[in-house]
Amino acid sequence: MNEETILTQQQLDEHFIHYALTLADKAQSLGEIPVGAVLVDEHHQIIGEGWNLSIVNNDPTAHAEIVALRHGAQRIGNYRLLNCTLYVTLEPCTMCAGAILHSRIKRLVFGAYDYKTGAVGSRFHFFDDYKMNHFLNITGGVLAEKCGQKLSDFFKMRREQKKLEKLEKENA
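Residues numbered from 1 in each chain as written. Predicted model: local features only at pLDDT ≥ 70, side-chain atom pairs only at ≥ 80, totals over all residues. Heavy atoms only, no water.

Student: Any chance you could break down the sheet that holds strand 5 (residues 137-139) for me, citing the residues and the numbers?
Tutor: Sheet architecture is open: 5 strands sit in the order 2-1-3-4-5, paired in mixed fashion. With partners counted over all chains shown, the strands left at the sheet margins are strand 2 (46-51) and strand 5, one partner each. Averaged over all pairs of adjacent strands, the angle between strand axes in this sheet comes to 15°, irrespective of strand direction. Pairing between strand 3 (residues 85-90) and strand 4 (residues 107-112): 5 bridges, direction parallel. For Val 88, the partnering residue across the bridge sits in strand 4 and is Phe 110. Set on the sheet, helix 1 (residues 9-29) makes contact with strand 1 (36-40), strand 2, strand 3, strand 4 and strand 5; between it and strand 3 the angle comes to about 55°. (Pairing = 2+ DSSP bridges. Helix = DSSP H or I, 4+ residues; strand = E, 2+ residues; numbered from the N terminus. Axes fitted to C-alpha atoms, helices over the stretch in contact; angles between N-to-C directions. Contact = heavy atoms within 4.5 Å.)

Here's what the structure looks like:
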């Protein structure tokens, strides 16, 4: 970010969620579920980014959040990502919430809520346990409609592809 530009927290959040959406496009271009994540330090500099790579890498842990956290940790040379913010287009699942907890980020910002597997308030409330050894600030629903629409469009396209494949098999 340009140091001369002073943005509100909401503007910063929207800026980085927009960027995470461009990373989600990379996932989609690979046939992955379009989720993107970007890790930003306290100076608003990007230190890590990721997009879903589970299918491409045959790795069930290669969610956008984990890829971004790994990238950031490698870049700074520390698995503790203190004073960082993770921006992600979809509410993290329980696996990603665990990785977020262990990374010690300061803040999590996400777009769309995930009512099937979301672990930050939609389905599960991972960070609400007072026994946790780390607390972070959470902001959900940033550009939620735009993030949700990207996922809806993707799954609609997938369903249409499956219908076409079924018809082709029937007509073969």
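Student: Now, about helix 4 (residues 94-103): what can you tell me, with residues and values included?
Tutor: Every buried residue belonging to helix 4 is among Cys 96, Ala 97, Gly 98, Ile 100, Leu 101 and Ser 103, and all of these are buried. For helix 4, the secondary structure elements touched by its buried residues are helix 3 (64-76), strand 3 and strand 4. A positive backbone phi angle near 65° is found at Arg 104, which sits one or two residues after helix 4. (Buried < 20%, exposed > 50% of the residue type's maximum accessible area, 1.4 Å probe, protein only.)

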